[in-house]
Amino acid sequence: MAMAGSSFVYVTYIRSPQQKVWDALTKPEFQKLYWFGMHQQTDWKPGSSWKLLFEDGRVADMGEVLEFDAPSRLAIKWRNEIRPDFKDEGFTRCVMSLEHDGELTKLTIDHSIDREGARIITEGVSIGWPKILSSLKSMLETGNALERFRS
């Protein structure tokens, strides 16, 4: 029997090679271009600490690398550090899966928590991921990330 919880799944197809999408997801120099100035800090080894940092170095989110199978699967234990109501809900699990599909790369984000009706999912990741992934797709396909969502 499956555990009750909340999840957000987002699938997009990007006209870019799988390795290039993977690099954009895992390398800070690319992340800063489409993730509205933010970047991840980690060595990408399972068990290692993981942080998502604002441009000024403040920690937005933190956690641990759970899986790293380049260039196809990445899993992160992830907790928001900015909003107390999100932080209090605890750690989420974010799985990023990439698949080659002809000239496209299929990118699936599955962000979940073992808590029914979790606000981190309904008010956080379900709003954030579409913006981030639209910006990523735009950057890889046109060379220009989206500026509109910058706060």
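Up top is the structure these notes are about.
Residues numbered from 1 in each chain as written. Predicted model: local features only at pLDDT ≥ 70, side-chain atom pairs only at ≥ 80, totals over all residues. Heavy atoms only, no water.

Participant: I would appreciate a short explanation of the nonpolar core in the present structure.
Facilitator: One recurring pattern in soluble globular proteins is that nonpolar side chains are buried together. Membership of the largest hydrophobic core comes to 36 residues, with the highest contact counts inside it found for Y34, W78, M96, W129 and L136. Elements supplying a minimum of two residues to this core: β1 (6–14), α1 (18–26), β3 (49–53), β4 (59–69), β5 (73–80), β6 (92–101), β7 (104–113) and α4 (119–142). The element contributing the most residues to this core is α4, with nine residues. In this structure M96 touches L25, S72, R73, L74, I76, W78, T108, I109 and W129, once residues within four positions along its chain are discounted. (Core = buried A, V, L, I, M, F, W, Y, C linked by side-chain atoms within 4.5 Å. Buried < 20%, exposed > 50% of the residue type's maximum accessible area, 1.4 Å probe, protein only. Helix = DSSP H or I, 4+ residues; strand = E, 2+ residues; numbered from the N terminus. Contact = heavy atoms within 4.5 Å.)

Participant: Before we go on, may I ask you to explain a nonpolar patch on the surface in this structure?
Facilitator: A surface patch of nonpolar side chains, amounting to about 250 Å² of accessible area, comprises V9, V11 and Y13. Its location among the elements puts V9 in strand β1. (Patch = residues over 30% accessible without salt bridge, like charges linked within 9 Å, V, L, I, M, F, W, Y side chains within 5 Å. Areas by Shrake-Rupley, 256 points an atom, 1.4 Å probe, with all protein chains shown as cover. Salt bridge = Lys/Arg side-chain N within 4 Å of Asp/Glu carboxyl O.)

Participant: So what exactly am I meant to see when it comes to the side chain of H39 here?
Facilitator: Secondary-structure assignment places H39 in strand β2 (residues 39–41). Taking relative accessible area as the criterion, H39 reaches 15% and is therefore assigned buried. H39 has contacts with P28, Q31, K32, K51, L52 and L53, leaving out every residue within four places of it along the chain.

Participant: Sorry, what's going on with the sheet that holds β1 here?
Facilitator: In a beta sheet, neighbouring strands pair by backbone hydrogen bonds and run either parallel or antiparallel. Strand order in the open sheet formed by seven strands is β1-β7-β6-β5-β4-β3-β2, and the pairing between neighbours is antiparallel. Looking at the sheet topology across the chains shown, the edges are occupied by β1 and β2. Each strand axis lies, on average, 25 degrees off the axis of its neighbour in the sheet, ignoring direction. Its contacts with the sheet place α1 against β1, β2, β4, β5, β6 and β7, and it is angled at close to 160 degrees to β6. On top of the sheet, α4 reaches β1, β5, β6 and β7; it is set at about 10 degrees to β1, its chief contact. (Pairing = 2+ DSSP bridges. Axes fitted to C-alpha atoms, helices over the stretch in contact; angles between N-to-C directions.)

Participant: Explanation requested: α4 in the structure shown.
Facilitator: In an α-helix, one full turn covers 3.6 residues, which means residues spaced three or four apart are oriented alike. In this model α4 runs 34 Å from its N-terminal to its C-terminal C-alpha over 24 residues, within 8% of the 34 Å that 1.5 Å per residue would give. Maximum bend of α4: about 40 degrees, positioned at V125. Considered for burial, the residues of α4 that qualify are I120, I121, G124, V125, W129, I132, L133, S135, L136, S138, M139 and L140. Just past α4, the residue G143 takes up positive phi, approximately 90 degrees. (Expected span 1.5 Å × (residues − 1). Bend = angle between axes of the 7 residues up to and from the residue.)

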